[in-house]
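A structural walkthrough
Listed below are the residues making up each chain.
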Amino acid sequence: MNTAPECRTSPLSLARAEVRQLPVYNAGLSEDAVRAKYGIPRITKLGSNENPYGPSPTALEHWTEIASSLFRYPDASAEGLREELSRQTGIDTDRIVIGNGSEQIIRMICEAFLSAGDRLVTVLPSFGLHLIWPQMMGAKAEAIPMTADARFDLPQLHQAVTSGPLKVLMFSNPSNPVGCMMTGDAMQSLVDASPEDTLIVIDEAYWEYARSSPDYADSLAILKNQSRPWMVLRTFSKAYGLAGLRVGYALTSDPGLTAVMTRVRDPFNSNSAALEMARLSLLDQKHMHRTVDATLTEGKALKAALEERGYFVAQSFANFLFFNARESASALAERLLEQGVIVKPWKEKGYETWIRVSIARPEDSQAFLAALNRVRQPSHSSAA
Ligand SMILES: *Cc1c(COP(=O)(O)O)cnc(C)c1O
């Protein structure tokens, strides 16, 4: 292989100041990488909240037909998918934005609305990109810590949205990584307290898992009566089992907001296979509900098993659990990797002993728990 001569200018010094200081998103390891590094054939991947039951079988029946049209550019306006989303959500198509994953929508929001110095409020622990993309724009992001018992700190959030100008309020509900949810009453009062020109972004990546919980905030019902800008983000990566295809969407307060997003959107940002698989998956609600139900049932068992081992586990309304390992999460996660189990150790300040583990199939939980029994610190072997 030909190695390039070393660059005399440091590449980093060419980057914008905001990019020079930008943290790198912790995307975790792939199954193949773990297999290669540790030489373990069977990997249990519980680090990315994927749906192990996979995409809709009826959607998959169309896969070959979809692949045969790949020589065409995708429909830049994603008409078919937006029409089906409109039918299912009651939101007009001109208020729906499709993204290459909802991650891309978060980025588009930051590029379109945040200037250097603008203030954004989110929560801590946070979904990494809720902080990274605002920082890329030079915005000032404030992350409000959850309470000690791992819930949204409503008084502190209230305080944050009422203290000065606020460009964007953005958080996930249920929260990633905690799993806790905001109730309808709490969201209503937080929205009411926010400045009228604040863009409110509710990231509902786990909406399908939480929606049947009695107190879970119906954000569309709350926001649709507001004369203020808002967006609700959802994705096909979790409950619909299409993480590898990259497709997510935003429901917006009005067509004007959609138009602003379109200005910063790559014209062909969603690929044609993703658009069509997402549309077909929406038509198969039964499969999605079956996998969500199986996941919620398994979640109860896994939470109980962790609690039996003496861990505090945050209440979760999503397809993952967040628990306090009471030892270095990174070190424990590394030892689990050696056993072929991938989890996500948290790295944000104050949460370095916390681990997020996805809820998958019963056999995945068994593999995780068996590995955990082998590698956790002996001092934690009996319930405290
Ligand atoms: C998984 C996740 C996303 C990313 O979803 P994609 O559609 O795969 O980009 C966005 N927000 C939160 C909170 C998530 O957990």
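**Overview of the pairing of strand β3 (residues 119-124)**
Counting buried positions over the six residues of β3 gives six, a clear majority of the element. The sheet contact formed by β3 and strand β4 (residues 140-145) spans six bridges and is parallel. Across the sheet, Arg 119 pairs through a bridge with Lys 140, a residue of β4. Once you follow β3 into helix α8 (residues 129-136) and on to β4, the crossover reads as right-handed. Bridging between β3 and strand β5 (residues 168-172) involves two bridges; their strand directions are parallel. Note on β5: the bridge partner recorded for Val 121 is Leu 169.

**Here's the deal with helix α17 (residues 362-375)**
The end-to-end C-alpha separation of α17 is 20 Å, in line with the 20 Å expected for 14 residues at 1.5 Å each. Restricting attention to buried positions, one finds in α17 the residues Asp 364, Ser 365, Ala 367, Phe 368, Leu 369, Ala 371, Leu 372 and Val 375. The inward-facing, buried residues of α17 abut β1 (44-45), α15 (285-308), β10 (320-324), α16 (329-338), β11 (341-342) and β13 (354-358).

**Concerning the domain arrangement of the protein**
Entries for the protein in the domain assignment read domain 1 (15-45 + 286-377) and domain 2 (57-282). If you average the C-alpha positions of domain 1 and of domain 2, the two centres end up 24 Å apart. With 27 residues of domain 1 in contact, the opposing surface of domain 2 contributes 34 residues. On the domain 1 side of the interface with domain 2, the three residues burying the most area are Tyr 25, Met 288 and Phe 317, jointly 25% of the side's total. Remark: the boundary between domain 1 and domain 2 carries zero salt bridges. Inspection of the domain 1/domain 2 interface yields six residue pairs in polar contact (both at pLDDT 80 or more). Counting residues per element, the ones that place at least two in the side of domain 1 that touches domain 2 are α15 and β10.

**Concerning the nonpolar core**
Of all hydrophobic cores here, the largest spans 63 residues; its most connected members are Leu 81, Ile 98, Phe 171 and Phe 236. If you tally residues by element for this core, the top one is helix α14 (residues 272-283), at seven residues. When residues no more than four places from it in sequence are discounted, the contact partners of Leu 81 are Ile 98, Phe 236, Val 247, Leu 275, Ala 278, Arg 279 and Leu 282. Grouped together as the second largest cluster of nonpolar side chains are 26 residues, Ile 105, Ile 106, Ile 132 and Val 201 included.

**Thoughts on the sheet that holds strand β2 (residues 96-99)**
Spatial strand order, β2-β8-β7-β6-β5-β3-β4: seven strands in an open sheet with mixed pairing. If you trace the sheet from one side to the other, it starts and ends with β2 and β4, each paired once. On average, adjacent strands in this sheet sit at an angle of 20° to one another, irrespective of strand direction. In this sheet, strand β7 (residues 230-235) lies alongside strand β6 (residues 199-203) in parallel orientation, the contact comprising four bridges. Note that in β7 the partner of Ile 200 across the bridge is Trp 230. Packed on one face of the sheet, α8 meets β3, β4, β5 and β6 and runs near 155° to β3.

**Comments concerning the pattern of salt bridges**
Across all of its chains, the model carries 17 salt bridges by this definition. A salt bridge links Arg 246 to Glu 103; the nearest nitrogen and oxygen atoms lie 3.3 Å apart. Here Arg 246 is found in the loop between β7 and β8 (248-252), whereas its partner Glu 103 is found in helix α7 (residues 102-113), with 143 residues between them in sequence. When its relative accessible area of 24% is taken as the criterion, Arg 246 is described as partly exposed. Look at Glu 103 and you get partly exposed, because its relative accessible area is 31%. Among the charged side chains, a network of salt bridges with common partners joins Glu 31, Asp 32 and Arg 35.

Calculation notes
- Residues numbered from 1 in each chain as written.
- Predicted model: local features only at pLDDT ≥ 70, side-chain atom pairs only at ≥ 80, totals over all residues.
- Heavy atoms only, no water.
- Buried < 20%, exposed > 50% of the residue type's maximum accessible area, 1.4 Å probe, protein only.
- Helix = DSSP H or I, 4+ residues; strand = E, 2+ residues; numbered from the N terminus.
- Pairing = 2+ DSSP bridges.
- Right-handed = clockwise from strand over helix to strand, strands pointing away.
- Expected span 1.5 Å × (residues − 1).
- Contact = heavy atoms within 4.5 Å.
- Domains from an automatic or database assignment.
- Buried area = accessible area lost by both parts, 1.4 Å probe.
- Salt bridge = Lys/Arg side-chain N within 4 Å of Asp/Glu carboxyl O.
- Polar contact = N/O pair within 3.5 Å; in protein donor to acceptor, adjacent residues only side chain to side chain.
- Core = buried A, V, L, I, M, F, W, Y, C linked by side-chain atoms within 4.5 Å.
- Axes fitted to C-alpha atoms, helices over the stretch in contact; angles between N-to-C directions.

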